[in-house]
Amino acid sequence: MTLSNIYNQMPKRYLLSLLGFFGLFNAFILRSNLSIAIVAMITPTIVKTSANTTTIIPAAFNWSTTTQGYILSSFFYGYAFAQIPAGLLATRFGGRILFGGSVGLCAFLTLFTPLCAQCGSGTLIFLRVLEGLSSSCVYPSLHAIWSIWAPKTDKSKLATFTFSGGYIGTFVTMLFGGVIATDCSWEWVFYVSGILALAWTVVWFYVTAESPSTHPTISHEEAKYIEDNMDQAISRKQTIPWKCILTSLPVWAIIAAHFGTNWAIYTMFTELPTFLVKSLGFRVDTAGILAALPWLPVAISVYGAGFISDKLTEKYSTLYVRKFIMSISFIVMILGFLAVTLLDAKHRALIMIGIIVVIGTCGPAWASFGVNHLDIGGHYAAVLMGISNCIGSTPGFIVPVITGYIVQNPELKREWNAVFIISILICVLAIMFYTFFAAGELQVWASNSADEYQHVLNNPISSRDISERSGLNEKNIDDLTDRLKAEIHDEKNAE
């Protein structure tokens, strides 16, 4: 079977999920490459010659732990604060262009990382802020895509399969980034990741379409299946119910869960390679492999939890399923953090198991709150994702800065324990808030029944899609009315 035949026969929503998987795969490589490369950038290299002599090559950069914290966190300054505008743009223009453009632009900027690093830490921080800004549309645009493409029965597994690409990307970065930095040079970590992401961008724009109704090769059966199994008709109202969204406790429950999960993720995401090298005494290349291990289970668990969620929602309420999976995830996550905190540095294997548990349980959590925007927000899911990801991404720059101040001597594990204890407290508060206030059904303000909201958007994509796909658009109604009038007139004449 040729590649062309596979493309024509494959359901287009599954193809979209596959391409979205590789899009997040590349997006997370671009944001995580510095976490592993910076270890090689600040660590002296020991070279053994054939004459059994040892040469120590000084580190490329002599940055303090505080400076390292600002460098590692700088990506998330731009990323977090641009989330709400990104959600508005995704709702206004659709997700396809923003998703592909966001990854492509970040990839282009990544190619300049070695040059900016040589110019100084300030220049590197500025570049990473720009990369964060360019990546801010990734999650809101995906939610805009799935609000149009995901039938209710496939919603969790389509979205979570796409989400899992991010964790596979982190896994690959940690696994091969240390090897590339050691065997080639740290510069090639950025060159390879940038080139791969640019290649994906070309494929994305060539293959995808904004909606089922505009896809050139989608089957009529699949387009009808998607239309008939949406949670609701895509709203034609050119409005966003800001007041209701910002005062909705279910929205804030998602934000709390997002913040707590991301705090755990970014604690490991930005600090794990440094912790493994400095505190536990691993080599850079070995630390890269070990830092990669936890991200494979989280990639598997996020999709597995999404698949299980779709099955459970056939028997139980959506709210029950979301809370059930979230509660299990956070309880196990907290226990993992507790084990990492209590264990001494000499128990390196047990600490790694605890770290794998912490990161692995973030997957099911994402499969719950990460889809909850679509449950309660409908067509406004992109806006909700923009709001929650704005606040939920702040750990990306808070964690490295706090760690930089707390951990003055990274060789001492007792200083790292304070970072883990803070994570435990935040996770406890997050799951308590989510358990009390989460919702699982479409909220009143997200339905088509409310008309009092302030007009702020003109959404031609959604309006076009619903008019093209609906059999009762305004033109058809006028035609039916004219035909009925003509038939009544003919009957009167016959009498």
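As a starting point, this report considers the structure included with it. All of these numbers come straight from a predicted model, not from anything done at the bench.

### Quick look at helix H9 (residues 155–183)
Then step 1. In this model H9 runs 43 Å from its N-terminal to its C-terminal C-alpha over 29 residues, within 8% of the 42 Å that 1.5 Å per residue would give.
Then step 2. The largest bend in H9 is about 35°, located at Phe 176.
Then step 3. Judged by how many residues are buried, H9 sits mostly within the fold: 21 of 29 residues are covered.

### Focus: the packing of aromatic side chains
Then step 1. In this structure the tally under the stated criterion is 32 aromatic pairs.
Then step 2. Connected via pairs of aromatic rings, a cluster forms that spans Phe 28, Tyr 139, Phe 163, Tyr 167, Trp 295, Trp 366 and Phe 369.
Then step 3. Here the basic side chain of Arg 31 rests over the ring of Phe 28, its NZ or CZ set 4.3 Å away from the ring centre.

### Some details on the environment of Gly 378
Then step 1. Its location among the elements puts Gly 378 in the loop between helix H18 (362–377) and helix H19 (381–392).
Then step 2. Each C-alpha atom of the pair Gly 378 and Glu 441 lies 9.6 Å from the other, and the pair is 63 residues apart in sequence.

### Observations regarding the packing of helix H16 (residues 318–342) against H18
Then step 1. Where H16 contacts H18, the two axes come as close as 8 Å, and the packing angle between them is 150°. Comparing their axes, H18 and H16 come out roughly antiparallel. Two packed elements cross with a definite hand, and for H16 against H18 that hand is left-handed. Where H16 abuts H18, its residues Thr 318, Arg 322, Ile 325, Met 326, Ser 329, Phe 330 and Met 333 lie against Cys 362, Pro 364, Ala 365, Ala 367, Ser 368, Phe 369, Val 371, Asn 372 and Asp 375.
Then step 2. Here the contact of H16 with H18 is composed, by residue class, of ten nonpolar, four polar and two charged.

### Things to note about the pattern of salt bridges
Then step 1. Scanning the model with the defined rule gives three salt bridges in all.
Then step 2. Notably, a salt bridge pairs Glu 222 with Arg 13, separated by 3.2 Å at the nearest N-O pair. Pair noted here: Glu 222 is in helix H11 (residues 220–228) and Arg 13 is in helix H2 (residues 12–42), with a separation of 209 residues, a long-range link. You'll find Glu 222 and Arg 13 in the same group, each marked buried.
Then step 3. Where Asp 375 meets Arg 322, a salt bridge forms, and the shortest distance between an N and an O atom there is 2.7 Å. With a gap of 53 residues between them, Asp 375 in helix H18 and Arg 322 in helix H16 connect regions that are remote in the sequence.
Then step 4. Looking at Asp 375, the relative accessible area reads 5%, which means it is buried.

### What about the nonpolar core?
Then step 1. Core analysis: the biggest nonpolar cluster contains 125 residues, and Trp 146, Phe 275, Leu 276, Trp 295, Phe 337, Ile 355 and Trp 366 have the highest contact counts within it.
Then step 2. Counting residues per element, this core draws most heavily on H2, at 18 residues.
Then step 3. Counting contributing residues per domain, this core is built from domain 1 (11–48 + 56–216) and domain 2 (241–447), each supplying no fewer than three.
Then step 4. With sequence-adjacent residues up to four places away left out, Phe 337 is seen in contact with Ala 264, Met 268, Val 358, Phe 420, Ser 423, Ile 424 and Cys 427.
Then step 5. Counting six residues, the second largest nonpolar core, distinct from the first, contains Leu 98, Cys 137, Ala 144 and Ala 382.

### What to know about the environment of Asn 409
Then step 1. On the secondary structure map, Asn 409 appears in the loop between helix H20 (395–406) and helix H21 (413–437).
Then step 2. Exposure remark for Asn 409: the relative accessible area of 29% places this residue in the partly exposed category.
Then step 3. Placed 131 residues apart in sequence, Asn 409 and Lys 278 show a C-alpha to C-alpha distance of 8.9 Å.

### As for helix H4 (residues 83–93)
Then step 1. Those residues of H4 that sit buried are Gln 83, Ala 86, Gly 87, Ala 90 and Thr 91. Mapping the buried residues of H4 onto a view down its axis gives an arc of 135°, with all of them on the same face.
Then step 2. Each element contacted by the buried residues of H4 is listed here: helix H3 (65–81), helix H5 (95–110), helix H8 (138–149) and H19.
Then step 3. In the segment just after H4, Gly 94 is the residue with positive phi, at about 90°.

### What to know about the side chain of Ser 35
Then step 1. Looking at where Ser 35 falls in the secondary structure, it is placed in helix H2.
Then step 2. Since its relative accessible area comes to 3%, Ser 35 is described here as buried.
Then step 3. Beyond its immediate chain neighbours, meaning those up to four positions away, Ser 35 contacts Leu 72, Met 174, Phe 269, Thr 270 and Pro 273.

Cut-off values and rules
Numbering of residues begins from 1 in every chain and follows the order in which that chain's sequence is written. Residues qualify for local features only when their pLDDT is at least 70, as the model is predicted, and side-chain atom pairs are given and counted only at 80 or more; totals for whole chains, interfaces and linings, by contrast, use all residues. As a rule here, side-chain values cover all heavy atoms of the structure and leave hydrogens and water aside. Starting at the N terminus, helices and strands are each numbered in turn, a helix being any DSSP run of H or I of at least four residues and a strand any DSSP run of E of at least two. To estimate the expected span of a helix, subtract one from its residue number and multiply by 1.5 Å. Note on bend: the value at a residue is the angle between axes fitted to the seven residues ending there and to the seven starting there. Partly exposed residues are those whose accessible area sits between 20% and 50% of the maximum for their type, while under 20% is buried and over 50% is exposed, using a 1.4 Å probe and protein chains only. Any two rings among Phe, Tyr and Trp, with Trp reduced to its six-membered ring, count as a pair given centres within 6.5 Å; such a pair is stacked if its planes are under 30 degrees apart, edge-to-face if over 60, and tilted if neither. Only lysine NZ and arginine CZ atoms are considered, and such an atom sits over a ring when it is within 6 Å of the ring centre and within 35 degrees of the ring normal. Between N-to-C directions, angles span 0 to 180 degrees; the directions come from axes that are lines fitted to C-alpha atoms, helices contributing only their stretch in contact. Relative orientations are named as follows: roughly parallel for angles under 35 degrees, roughly antiparallel for angles over 145 degrees, roughly perpendicular for angles from 65 to 115 degrees, and oblique for any other angle. It is the rotation of the near helix from the far one that decides the hand of a crossing: anticlockwise by less than a right angle makes it left-handed, clockwise makes it right-handed. In this analysis, two residues are considered to be in contact whenever any of their non-hydrogen atoms come within 4.5 Å of each other. Residues were grouped as follows: Ala, Val, Leu, Ile, Met, Phe, Trp, Tyr, Cys and Pro as nonpolar; Asp, Glu, Lys and Arg as charged; and all remaining residues, including Gly, as polar. Each reported salt bridge corresponds to a side-chain nitrogen of Lys or Arg within 4 Å of a carboxyl oxygen of Asp or Glu. For this analysis, a nonpolar core means a set of buried residues of the types Ala, Val, Leu, Ile, Met, Phe, Trp, Tyr and Cys, connected via side-chain atoms within 4.5 Å. Here the limits of each domain have been adopted from an automatic or database domain assignment. The arc in question is formed by the directions pointing from the helix axis toward the C-beta atoms.

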